[in-house]
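So you can see what is in the structure, the chains are spelled out below.
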Amino acid sequence: MEHTSLLERWLRGIALTAVVLFFMFPIFWIVLMSFQTNETILRSPPSMVFTPTMQNYVALITGRLETQAGTLDINFMRNLMNSVILSVSSVALALLLGVPAAYAFARHKFRGSEDIAFTLLSFRFAPPLLVLLPLTLYFQTLGLANTYIGLIWVYQLICLPLILWIVRGYFEDISPDVEHAYRIAGHGWGATFLKIALPLAGPGIAAAGLLAFIFAWNNFIFALVLASADKQPVTVGALAFVTASGIQYGQIAAAVVLSIAPTLALALYAQRYLVEGLSLGAVKG
């Protein structure tokens, strides 16, 4: 039995290692490409043996891309800052609006509440191209085109349904008896929400906020149409590396590494809250 158990552990470890290598290899290859020139990347057959260079990262940071057609000015660092501004602002606004709404939907069943919640969720179902033309016309009429305020408003519409439905489930998993006991002591709904419900649902809110941040960070189509180059995030700014002289694969790889660094750092920082939030309510008593 011990030999069988040991064999099973070895097979399980080998299978897990194979799965991790399979899914992590594209990221590993992108990191390698970011330290290579275009000539090294495009050679056939490809090789993992090369002389590393920091040229791609220097081009992104300095904003000057050397191509066969000449020097091209790029604004990648500005695009990266735009992504931070748009994602952080939209998630903060969505949390400010979505968390109280999620608590209201979880604790107060009123007429039409499910219809309203489903309508908000339907914003996630609708393809972006369906609402892109009306949004463009509205933005031009209201003067919101090519503004941070307009983009943040659109981005929070992406984040709000996700936060609302995820956090609502966490509030529903929290026993209302704790809140009732606190209210019996003479506290109102506001104090109960701030001092009891929010701390108990904190890990779930953190998990929902992190997922919403990733969705906002990866958005492409809205920023492409509703903003010009000085307001566009990294997802759109990466198009600058497709030049008349060819595709700059090394710079694209370096841009990918730099663009995923903020979300990776945030995920590592909030890992404990993410695990607690995703497991909250998994065991019901």
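1. Some words on unusual backbone geometry
Looking along the chain, the bond that leaves Ser44 and enters Pro45 is cis, with omega of 0°. The topology assignment puts Pro45 in the loop between helix H2 (38-41) and helix H3 (55-62). Look at Asn146: it is not a glycine, yet its phi comes out positive at around 60°. Mapped onto the elements of the fold, Asn146 is located in the loop between helix H6 (128-142) and helix H7 (148-173).

2. A few points about the layout of surface pockets
Space inside the largest pocket adds up to approximately 360 Å³. The wall of the largest pocket is formed by 14 residues, among which Phe123, Ala126, Val131, Ile158 and Phe222 lie closest to the centre. Looking at the lining of the largest pocket, the elements with two or more residues in it are helix H5 (113-125), H6, H7 and helix H11 (221-226). Here the lining of the largest pocket is built from residues that sort into 12 nonpolar, one polar and one charged.

3. Points about the packing of helix H4 (residues 76-107) against helix H10 (residues 202-217)
Where H4 meets H10, the closest approach of the two axes is 9 Å, and the angle between their N-to-C directions is 140°. Regarding the angle of H4 to H10, the classification is oblique. In the crossing of H4 with H10, the sense of the turn from one axis to the other is right-handed. Of H10, the residues touching H4 (which contributes Leu80, Ser83, Val84, Ser87, Val88, Ser90, Val91, Leu95 and Val99) are Ile205, Gly209, Ala212, Phe213, Ala216 and Trp217. The residue makeup of the contact of H4 with H10, split by class, is 11 nonpolar, four polar and no charged.

4. Concerning the environment of Val234
With respect to the helices and strands, Val234 occurs in helix H12 (residues 234-237). It is 8.8 Å that separates the C-alpha atoms of Val234 and Val256, two residues lying 22 residues apart in sequence. Once you skip the residues sitting within four places of it in the chain, Val234 turns out to touch Phe76, Asn79, Leu80, Ser83, Trp217 and Ser259.

5. Points about the environment of Ile85
Mapping Ile85 onto the fold places it in helix H4. Along the primary structure Ile85 and Ile152 are separated by 67 residues, whereas in three dimensions their C-alpha atoms are 8.6 Å apart.

6. Observations regarding the pattern of salt bridges
Using the criterion set out here, one finds three salt bridges in the structure. Residues Glu179 and Arg107 are paired through a salt bridge, measuring 3.1 Å at the closest nitrogen-oxygen approach. Pair noted here: Glu179 is in helix H8 (residues 176-184) and Arg107 is in helix H4, with a separation of 72 residues, a long-range link. Linking Arg168 and Glu172 is a salt bridge whose minimum nitrogen-to-oxygen distance equals 3.3 Å. A residue pair is termed a helical-turn pair when its members lie 3 or 4 positions apart in one helix, as Arg168 and Glu172 do in helix H7 at four residues. The exposure class assigned to Arg168 is buried, which follows from its relative accessible area of 6%. Judged by its relative accessible area of 39%, Glu172 is partly exposed.

7. A short note on the nonpolar core
Within the largest apolar cluster, 50 residues are counted, with the highest numbers of intra-cluster contacts made by Leu60, Cys159, Ile163, Val167, Phe171, Phe222 and Phe241. No other element matches the 12 residues that H7 contributes to this core.

About the thresholds
Residues numbered from 1 in each chain as written. Predicted model: local features only at pLDDT ≥ 70, side-chain atom pairs only at ≥ 80, totals over all residues. Heavy atoms only, no water. Helix = DSSP H or I, 4+ residues; strand = E, 2+ residues; numbered from the N terminus. 1 Å grid on protein atoms, 1.4 Å probe; cavity = no way out; pocket = protein on both sides within 12 Å on 5 of 7 lines; lining within 4 Å. Points joined across faces, edges and corners; volume = space filled by probe spheres on them. Nonpolar A, V, L, I, M, F, W, Y, C, P; charged D, E, K, R; others polar. Axes fitted to C-alpha atoms, helices over the stretch in contact; angles between N-to-C directions. Parallel < 35°, antiparallel > 145°, perpendicular 65-115°, else oblique. Left-handed = near helix turned anticlockwise from the far one by under 90°. Contact = heavy atoms within 4.5 Å. Salt bridge = Lys/Arg side-chain N within 4 Å of Asp/Glu carboxyl O. Buried < 20%, exposed > 50% of the residue type's maximum accessible area, 1.4 Å probe, protein only. Core = buried A, V, L, I, M, F, W, Y, C linked by side-chain atoms within 4.5 Å.

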